[in-house]
Amino acid sequence: DTNTIKAIILGLTGNLDMFDLIFENIWRKMFIWTTFFESIDGYNKFHSDGASITADGNNLVLTTGATAGNYAQIYKQPIWQGVSTFYKKNGFRTTFILTSVSNVEALLTVGYPNDTHSHYGFKIVNNVLKGISGNGKSTPTTIDLMTIEANKVYNLEARYYPDEKIIYYVNMTGDTPSIYSKPAGIKTDNLPSSEREVNHTIMYLYLK
């Protein structure tokens, strides 16, 4: 914001302590978390008999087997930190590949995706990639983004603007132009609640 810019200028000209400047105006207002699934220790993990969740050094691998209703679910909940919220702008990026686009349902979200928790992200139903969001007070809603194919890598990004919209970007690895060239969809309804509440679930993945 304007005050932050003014403070940075004062700091660069030697009129403010740079450590305090950064700490007060930037550090306390940002939360960044990245994982390449070096390990899946420290995650909540649940799956059906015959399903599995593993990390192979390149990917997080969720398998279900061919039994209808089998599922694999993994999520991260740093409950005590209170660092993730929906009353500020935020976003996330991830990548996925499916070996089949038949009899498949998947979720990739920030926030726990049910009727009582705010959340947003992506939902897959067979060969259709959707944008999903919920306000924690009603049933989540979706918009269709694109048709997807098996055995292709898709890069995803969702950008959330409180009380305004969620912008969804999608592209297959190697495609040009880049993922940022044009939104795959924009969702303006049933957005996460912008109240000053902590979001405990910073990553949620589910495959059925």
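Residues numbered from 1 in each chain as written. Predicted model: local features only at pLDDT ≥ 70, side-chain atom pairs only at ≥ 80, totals over all residues. Heavy atoms only, no water.

Visitor: Which parts of the structure should I look at to understand the packing of helix 1 (residues 2–12) against helix 2 (residues 18–25)?
Guide: Packed helices, taken two at a time, are described by their axes: the angle between them and the distance between them. At a minimum axis distance of 9 Å, the contact between helix 1 and helix 2 shows a crossing angle of 165°. As summarised for this structure, helix 1 and helix 2 are arranged roughly antiparallel, according to the angle between their axes. Crossing of helix 1 over helix 2 shows left-handed handedness. Where helix 1 approaches helix 2, its residues Thr4, Ala7, Ile8, Gly11 and Leu12 are matched on the opposing element by Met18, Leu21 and Asn25. Taken together, the residues that form the contact of helix 1 with helix 2 break down as five nonpolar, three polar and no charged. (Axes fitted to C-alpha atoms, helices over the stretch in contact; angles between N-to-C directions. Helix = DSSP H or I, 4+ residues; strand = E, 2+ residues; numbered from the N terminus. Parallel < 35°, antiparallel > 145°, perpendicular 65-115°, else oblique. Left-handed = near helix turned anticlockwise from the far one by under 90°. Contact = heavy atoms within 4.5 Å. Nonpolar A, V, L, I, M, F, W, Y, C, P; charged D, E, K, R; others polar.)

Visitor: What is the right way to read unusual backbone geometry from this model?
Guide: Negative phi characterises most residues that are not glycine, and trans characterises most peptide bonds. The residue Asn126 is not glycine, and still its phi comes out positive at about 55°. Here Asn126 lies in the loop between strand 7 (118–125) and strand 8 (128–135).

Visitor: Would you mind showing me how to read the pattern of salt bridges here?
Guide: When their charged atoms lie close together, side chains carrying opposite charge are able to pair. Going through the model one piece at a time under the given rule, you end up with seven salt bridges. A salt bridge links Glu164 to Lys165; its shortest N-O distance comes to 3.7 Å. Judged by relative accessible area, which is 45%, Glu164 ranks as partly exposed. Taking the relative accessible area as the measure of exposure, Lys165 reaches 23% and is therefore partly exposed. Residues participating in the shared-partner salt-bridge network are Arg93, Glu157 and Arg159. (Salt bridge = Lys/Arg side-chain N within 4 Å of Asp/Glu carboxyl O. Buried < 20%, exposed > 50% of the residue type's maximum accessible area, 1.4 Å probe, protein only.)

Visitor: For this particular structure, what's the right way to read the packing of aromatic side chains?
Guide: Each aromatic ring pair is specified by the distance between its two centres and by the angle formed by the two planes. Enumeration according to the criterion identifies 13 aromatic pairs in this entry. Ring centres of Phe37 and Tyr43 lie 6.1 Å apart, and the angle between their planes is 40°; on these two criteria the pair is classed as tilted. For Phe37, a relative accessible area of 14% translates into the label buried. Classification of Tyr43 as buried rests on a relative accessible area of 11%. For the pair Tyr71 and Tyr206, a centre-to-centre distance of 6.1 Å together with 20° between the ring planes defines the contact as stacked. Within this pair, whereas Tyr71 is found in the loop between strand 3 (60–63) and strand 4 (72–76), its partner Tyr206 is found in strand 13 (residues 203–207), the two being separated by 135 residues in sequence. Owing to a relative accessible area of 16%, Tyr206 belongs among the buried residues under this scheme. A network of ring pairs unites the aromatic residues Phe86, Phe92, Tyr120, Phe122, Tyr160 and Tyr168 as a single cluster. Here the basic side chain of Lys76 rests over the ring of Tyr43, its NZ or CZ set 4.9 Å away from the ring centre. Taking the ring centre of Tyr161 as reference, the NZ or CZ of Lys165 above it sits at 5.2 Å. (Phe/Tyr/Trp six-rings, centres within 6.5 Å; stacked < 30°, edge-to-face > 60°. Lys NZ or Arg CZ within 6 Å of the ring centre and 35° of its normal.)

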